[in-house]
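# Inside the fold
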Amino acid sequence: MTGNAQQYLLAIDQGTTSTRAIAFDAAGHTLAVAQREHDQVFPEPGWVQQDARQIWHNTCTVVGEVVEAMSGRPPAAIGITNQRETTLVWNPETGEPLHDAIVWQDTRSQPLVDRIIDRIGVDGLREITGLPVHPYFSATKLLWLFQHVRGLREAAEAGHALFGTMDTWVLWNLTGGAHGESTVHATDVTNASRTLLFDALDLDWSDDALAGFDVPRRMLPEVHPSSHVFGSVDAAAAGLPPALDGVPIAGILGDQQAAAFGQTATRPGDAKNTYGTGSFLLVNTGDEPVIDSAAGLLTTIAYQLDGQAPSYALEGSIAVTGSLVQWLRDNLDFFDDAADIEALAKEVDDNGGVVIVPAFSGLFAPYWRPDARGVIVGLTRYVTKAHIARAALEAIAHQSADVVEASGREISELRVDGGASTNDLLMQMQADLLGVPVQRLTTFETTALGAAYAAGLAVGMWHDLDELRELTELGRRFEPQPDEEIRTRMRAQWADALPRSYGLA
Ligand code: ADP
């Protein structure tokens, strides 16, 4: 491997279903990858837990495999990206979790959330945190833990219990954990901004939010910029190869912010959309947080470089996009492979009057309609599978266009990644419905790349965002077709179908 003599960066991508380690060279190219899945635990309907020890064990395994693939040479720095909001408490003396991690999808805190909303309203913390009160965010999961883990509050007050999201857990263990001499308990601003405890303007834990949730400040991690030297690997204490000893951990970003950073969608008006099971769309709003609860979007920190002001974003999550394609494949037997939807949808020139609103579990951003359920409207005897396949792809594109419109920002292009972004027809529809170009990159590893970029900037491998922008290898670009009439008609058709899904739950 020619890269052997060169410096490289190691990204740890601690995701919802698996943990990956990826080595990147100074050009941002992938050199080696290792991956391990972890168990999903579903003790009750709506509950999702993970064993944090298994995740740390998998992290050690994949890091070890990648370092071995790099001939045992240590990376110049490590960056971490992670599933966001997933909440863990652990004992710093033993390093043992006090409960399974409660995963972001978990809705067990809903009854607690309802009570808080009765008291302060759904937007009671919006001005401070940028977020609505919702089970999605860490604080409500922590509140549930306080009520169900015996002695947790006393332990937290006495310094015997720490809180962290998965970045913090991985960082704490990398830097030595219970046996380290300079173990670091910290997180970055992007992860902190998903807890419902963080003041997004002051960049510190909010006393009001801490008082509201009765969270002792002592259990919270320190918060640093995303690109920053957080600490260094204590190889012996962490149980990692000795070659890694002293390697700085120099970047942390939550997964969606990391994808935007890896796409270098970092300037005001830059936007990225990740098309996976669901979709996550971020629109960068620059150095001012935009807080507009009526828009139905979350205000979040996009990234922060050391010594600089943070950059903010509006974020919309869409529950069902790629999973609509899965549903056509698995429940309706339309095709064998998700990618086959493209050829099927191309058999026809339009949707034949069909519109699908895939509100399988209600609608997320920007509508927030838990009472919605899926509908297919406009069926006639003329309609074929191909029309329905086309309508499914259009539904993915319409929902994304609605998030961009809700952001109130003029975007100049949409950068895309994720499994369904390989679908050319979908990307063309997206460009047409948005009226702006859609830009793919040549790499699909944008999330891990974002963490590597943040780490590389902090240790001087790169100097600024312009340098990263030059590294970005653009893939295919989809220009919007200039037929405004069709666009207006299709958007009106969608707007008409959407409310027909309301009130069905
Ligand atoms: P996740 O990270 O959420 O698991 P991925 O980024 O791996 O998701 O994307 C997988 C999703 O993308 C699946 O829901 C699948 O149905 C959808 N998908 C994959 N390939 C295509 C394609 N060519 N066209 C449309 N959807 C696709």
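Anyway, here's the lowdown on the structure attached to this text. (Residues numbered from 1 in each chain as written. Predicted model: local features only at pLDDT ≥ 70, side-chain atom pairs only at ≥ 80, totals over all residues. Heavy atoms only, no water.)

### Here we look at the side chain of Ser421
As for its placement among the helices and strands, Ser421 is situated in the loop between strand E21 (414-417) and helix H14 (424-434). A distance of 2.7 Å separates the side chain of Ser421 from the backbone oxygen of Gly418, its partner in a polar contact. In contact with Ser421, other than residues within four places in its own chain, are Tyr275, Val416, Met427, Arg440 and Phe444. (Helix = DSSP H or I, 4+ residues; strand = E, 2+ residues; numbered from the N terminus. Polar contact = N/O pair within 3.5 Å; in protein donor to acceptor, adjacent residues only side chain to side chain. Contact = heavy atoms within 4.5 Å.)

### Section: the pattern of salt bridges
If you walk through the whole model with that rule in mind, you get 28 salt bridges. In this structure, Glu85 and Arg84 form a salt bridge, with 4.0 Å as the shortest nitrogen-oxygen distance. What makes Glu85 buried here is its relative accessible area of 2%. The partner of Glu484 in a salt bridge is Arg487, and the shortest N-O contact between them spans 3.1 Å. Of this pair, Glu484 and Arg487 both sit in helix H17 (residues 484-497), separated by three residues, roughly a single helical turn. We classify Glu484 as partly exposed; its relative accessible area is 48%. (Salt bridge = Lys/Arg side-chain N within 4 Å of Asp/Glu carboxyl O. Buried < 20%, exposed > 50% of the residue type's maximum accessible area, 1.4 Å probe, protein only.)

### Looking at the nonpolar core
For soluble globular proteins, nonpolar side chains are generally found buried alongside one another. Counting residues in each nonpolar core, the largest one holds 59 residues, and the members touching the most others are Tyr275, Ile341, Val357, Leu393, Leu414 and Leu426. The dominant element in this core, judged by the number of residues it contributes, is helix H13 (residues 385-407), at twelve residues. In terms of nonpolar packing, the next biggest core, distinct from the first, is built from 41 residues, Val89, Val113, Leu142 and Phe280 among them. (Core = buried A, V, L, I, M, F, W, Y, C linked by side-chain atoms within 4.5 Å.)

### What to know about the packing of H13 against H14
Taken N-terminus to C-terminus, the directions of H13 and H14 make an angle of 45 degrees; their axes are 9 Å apart at the nearest point. The orientation of H13 relative to H14 falls into the category oblique. For the pair H13 and H14, the crossing hand works out as right-handed. Seen from H13, the contacting residues are Arg390, Leu393, Glu394, Ile396, Ala397, His398, Ser400, Ala401 and Val404; seen from H14, they are Leu425, Leu426, Met429, Gln430, Leu433 and Leu434. In terms of residue class, the contact of H13 with H14 is built from ten nonpolar, three polar and two charged. (Axes fitted to C-alpha atoms, helices over the stretch in contact; angles between N-to-C directions. Parallel < 35°, antiparallel > 145°, perpendicular 65-115°, else oblique. Left-handed = near helix turned anticlockwise from the far one by under 90°. Nonpolar A, V, L, I, M, F, W, Y, C, P; charged D, E, K, R; others polar.)

### A few points about the site of the ligand
The full set close to the ligand counts 15 residues, and Thr277, Gly322, Gln326, Gly419 and Asn423 are the nearest of them. A distance of 2.9 Å is found between an oxygen atom of the ligand and a backbone nitrogen or oxygen belonging to Gly322. Separating an oxygen atom of the ligand from a backbone N or O atom of Gly419 is a distance of 2.8 Å. Protein coverage of the free-state accessible area of the ligand, which is 580 Å², stands at 67%. Of the residues forming the shell around the ligand, the biggest block, four residues, is contributed by helix H11 (residues 322-330). Split by residue class, the shell around the ligand holds six nonpolar, nine polar and no charged. (Near = heavy atom within 4 Å. Areas by Shrake-Rupley, 256 points an atom, 1.4 Å probe, with all protein chains shown as cover.)

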